[in-house]
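For reference, the chains in residue letters:
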Amino acid sequence: MSDVRPGPEPRPGRLKVYLGAAPGVGKTCRMLDEAHRRAARGTDVVVAFVESHGRPHTERMLAGLETVPTAQLPYRGGVFAELDLDAVLARRPRVALVDDLAHTNVPGPGRNPGRRQDVERLLVAGIDVITTVDVQHLASLKDVVEKITGVPQPETVPDEVVRRAHQIELVDMEPEGLRRRMAHGNIHPPEKIDAALAHYFRPGNLTALRQLALLWVADRVDDALTSYRAEHAIGGVWETRERVVVALTGGPEGDTLVRRAARIADRSSGGDLLAVHVSRGDGLAAGVSHASLARQRRLVEDLGGSYHSVVGDDVARTLVEFARAEDATQLVLGTSRRGRWERMLTGPGTGETVTALSADIDVHRVTHERAGRGIPLPSRRRTLSTGRLVAGPVAGLVLPLLLTAVLAQVRGTVSLTSEVLLFLLTVVGVACIGGVASAVIASVTASLLLNYWFVPPVGQFTLEDPNALIALGVFAVVAATVAAVVDRSLRLSRRAARATAEAETMSSLAGSIVRGGQTIPALLERTRETFGMATAELLDEPSERSRDRAGGATVVPAGPGAFLELRGRTLSSSERRVLAAFAAHVGSAVERARLVEAAAEVEPVRAADRMRTALLRAVGHDLRTPLAAGWAAVTSLRSRDVEFSAEDRDELLATADESMAKLNRLIENLLDLSRLEAGALTLNLRPTALEEVLPVALDALPAGPVAVGPLEELPAVLADPPLLERVIANLVSNAARHTPPGARVLLTASVLAGRVEIRVVDRGPGLPPADRDRLFEPFQRLGDTDNTTGLGLGLALSRGLTEAMNGTLNPEDTPGGGLTMVVSLPVAQQAEATDTTDTTMGRHVRS
């Protein structure tokens, strides 16, 4: 048998997305233009699905490109064109054009829910895909776009799907240019132009959408740049965007520094402002004003910046490391508050050291009114750095020799007691420089020098007087003891300062949590930047690499079944204590998230219980009333004791008929609401003309003052006719109950942005905005003048039925007083083009 080896698996296809700032900017044309260029170079390109929307320019650009026939799918009485995924896979081109990534497919056996799943199948098969999507269809921006335009977006695509694209190209256009394109009829048909220009395509809306698109793409570019630099181990600063870091010490000059840094950041559009405070364990934190830091933090946040607190013993190095981690381009510092002589004695300060370490980061040293005076900042020499560890023993040898040389010049004028005290002072000074070990060296050196040069016999190490021997012994003991006490005092001071720094850091973290907005990812990022680590992750159990201590990972428990893993440098024991406290906060956040999730699971049960309680309360009265009236009428008719005239019999029969009809309507409303809640309502969506629905809906109501406004030539809507009749009848009936005598309910309709809006206007007392959310809850009768009739289901059922038909129902103020209920439904042709026929039967009426 021959050795048959399987061929290599095809590489996944690459996705390119044309992201549009608004409809009509030219995404599809740009995609087709690229297809023509690729085809001219010999690339196998096919049009898998492109919707021209009747635009002549788009149709002309489709000419000359191979097009895969679309699948014609029947659905709820209509036929819709969809991407034929099997045909494209069988054709297997090199590049496929797929328009409208956020499109929802017509339901059917074996079909994907949306077009993005079709695109993923093509990519897995090794086919490159070029697609389009508008910014309003990104899931993260759905609510923002709806607030800006007032138009809900029924179709969205997860941001992560677009972010994974190999290439994203923004298609942008000036708002006025886009409005001129609309006015020339290049986007919408002539009958829709005026409404579109007056609503969705207002200049303010288009400017806001453009800003959203630019910011979203900029964030994606930042992510890609960060990944590229990490993959190629690039540590230098790339000045792609101005990021200004301002260092705060908690001093009074902080406000000046923050405002100066904000002005620097504002010089560049999109510049970022980051304020950082370094809590250090060598005494710097001892002079910090926490009130000043809190005030400066609020100032930073008011100016649109972010505040950060990090831990580090070397302030200068920690500042530079933070700036590099944030890819900062400029670093703002205040000039030193120490005086000239203090700087000469203590050496270079933080500003000079930061400037030396900054390399390609620009450093601004800002003068202020506290420069050169005020509380001096402790020097780095007050810690046992490497220089001090070397200088201490050297001073222990050199200083006693220098003192001996000086005292030798005045021999005989200074007593032995004074000479001993001067040597003791020298030993204490050495202890302050190099600690107890250096002090011991200085003590031994001083004892030997005293014995040789100043205790008789001079010039010999022998002692004639026993008292001199005792004096030298006491001197050595006292010197060593004093040095030990001084060294211990310095260590305790540093330990207290370290505790102050840790407490300050934890206070900053606690303040952030109290102010809210600290999600688990935000806490992890704050932990990473505070300790200067490369990564910070929350794991269910320690990873295999973290169990290996050589892997450079630090793992601490963060509550039951959760571990906080940090990778980067090795942490000291004191930093591990602070990290344990951070982990406790992260664990609390995890537990809080679990409790919120559990509460969310319980809420539907509580809502159902409240609905059952309200239903039983309503049934106890509202269903009993028509039942009792009908029963009384029928019982009277059956009575043999009373002879009724023909008029009385007709009245009793009418009462029974009216009561049974009312009872039937109440039961139908309850059943329909129950079906909506259970997702079992069957819809038959089809193109429906309002002319066939409005008369039937109004005829079902008692004769009343209802005026139908002039209806323009309206296109058909995609709706279920009987359900739409119920919605209109409920809304008109509700408006009639609130309209005062002598006034009339007005019913009008118009076209807006591919949707038909039906307005039911009353002249009643209206409703405060705070109560409008409760207006659509079941069993609510807000503002009813007569609360003894009706279950309060009409508006709740109307909204549920409208949303089931892919529409919306919202209240608005009536100019001059009253309330207007606006029903918005998709136009049938528009729905076919954008496939808004994805009717989700499981939509719920919130209660």
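Residues numbered from 1 in each chain as written. Predicted model: local features only at pLDDT ≥ 70, side-chain atom pairs only at ≥ 80, totals over all residues. Heavy atoms only, no water.

**Student:** So what's going on with the overall build of the protein chain? Which residues, and what values?
**Tutor:** Within the protein chain, the regular secondary structure consists of 25 helices and 23 strands. Taking all 847 residues of the protein chain together, 45% fall into the buried category. A separation threshold of at least 6 residues defines the contact pool for the protein chain, and within that pool the share at least 24 residues apart is 72%. Carbon and sulfur atoms make up 56% of the accessible area of the protein chain, which amounts to about 42,900 Å² in all. (Helix = DSSP H or I, 4+ residues; strand = E, 2+ residues; numbered from the N terminus. Buried < 20%, exposed > 50% of the residue type's maximum accessible area, 1.4 Å probe, protein only. Contact = heavy atoms within 4.5 Å. Areas by Shrake-Rupley, 256 points an atom, 1.4 Å probe, with all protein chains shown as cover.)

**Student:** Run through a negative patch on the surface, naming residues and quoting values.
**Tutor:** A surface patch of negative charge is lined by Glu 647, Asp 648, Asp 650 and Glu 651. Residue position: Asp 650 is located in helix 21 (residues 646–678). (Patch = residues over 30% accessible without salt bridge, like charges linked within 9 Å, V, L, I, M, F, W, Y side chains within 5 Å. Salt bridge = Lys/Arg side-chain N within 4 Å of Asp/Glu carboxyl O. Lys, Arg positive; Asp, Glu negative; His and termini not counted. Charge placed at Lys NZ, Arg CZ, Asp CG, Glu CD.)

**Student:** Account for the sheet that holds strand 9 (residues 243–248), with residues named and values stated.
**Tutor:** Spatial ordering of the open sheet is given by 11-10-9-12-13, a layout of five strands whose pairing is parallel. Bordering the open sheet on either side are strand 11 (306–311) and strand 13 (362–366), each of which pairs with just one other strand. Each neighbouring strand pair of the sheet contributes to a mean axis angle of 25°, computed without reference to strand direction. Along the sheet face, helix 10 (residues 254–266) touches strand 9, strand 10 (272–279), strand 12 (330–334) and strand 13 and points at about 175° away from the line of strand 9. Contacting strand 9, strand 10, strand 11 and strand 12, helix 12 (residues 315–325) crosses the sheet at an angle of about 150° to strand 10. (Pairing = 2+ DSSP bridges. Axes fitted to C-alpha atoms, helices over the stretch in contact; angles between N-to-C directions.)

**Student:** Outline the side chain of Thr 688, listing residues and values.
**Tutor:** Inspection of the secondary structure assignment puts Thr 688 in strand 17 (residues 686–688). Here the side chain of Thr 688 touches Ala 719 through a polar contact of 3.2 Å, landing on its backbone oxygen. (Polar contact = N/O pair within 3.5 Å; in protein donor to acceptor, adjacent residues only side chain to side chain.)

**Student:** Could you give me a rundown of the environment of Thr 808, with the residues and numbers involved?
**Tutor:** Assignment of secondary structure puts Thr 808 in strand 22 (residues 808–813). Residues Thr 808 and Ser 824, 16 residues apart in the sequence, show an inter-C-alpha distance of 5.2 Å. Setting aside its immediate chain neighbours within four residues, Thr 808 contacts Pro 152, Arg 755, Thr 802, Val 822, Val 823 and Ser 824.

**Student:** How would you explain the confidence of the model for the protein chain if you had to name every residue and give the values?
**Tutor:** Fine structural detail should not be taken from predicted coordinates in areas where pLDDT scores are low. Here the protein chain averages 75 in pLDDT, while 72% of its residues score no lower than 70. The weakest mean pLDDT in the protein chain belongs to helix 19 (residues 544–547) at 55; the strongest belongs to strand 6 (residues 95–98) at 95. This model gives residues 831–847 a pLDDT under 50, and the stretch forms 57 contacts once residues within four places in sequence are excluded. (pLDDT = per-residue confidence, 0-100.)

**Student:** Would you mind going over the pattern of salt bridges in detail, with residue names and values included?
**Tutor:** For the structure on display, the rule yields 21 salt bridges. One salt bridge connects Glu 169 with Arg 30, and the closest N-O pair in it is separated by 2.4 Å. Placement of the pair is Glu 169 in strand 8 (residues 167–171) and Arg 30 in helix 1 (residues 27–40), with a sequence separation of 139 residues. Given a relative accessible area of 21%, Glu 169 falls into the partly exposed group. Take Arg 30: its relative accessible area is 35%, and that puts it in the partly exposed class. Among the salt bridges present, the one from Arg 317 reaches Asp 314, with a minimum N-O distance of 3.8 Å. When salt bridges with common partners are traced through the structure, they connect Lys 16, Arg 30, Glu 34, Arg 38 and Glu 169 into a single cluster.

**Student:** Which residues make up unusual backbone geometry, and what values do they have?
**Tutor:** For Arg 92, which is not glycine, the phi torsion reads 50° and is therefore positive. Structurally, the position occupied by Arg 92 is in the loop between helix 3 (85–91) and strand 6. The exposure class of Arg 92 is partly exposed, given its relative accessible area of 43%. Notably, Asn 806 is not glycine yet its phi reads approximately 65°, a positive angle. Residue Asn 806 is classed as buried on the basis of its relative accessible area of 11%.

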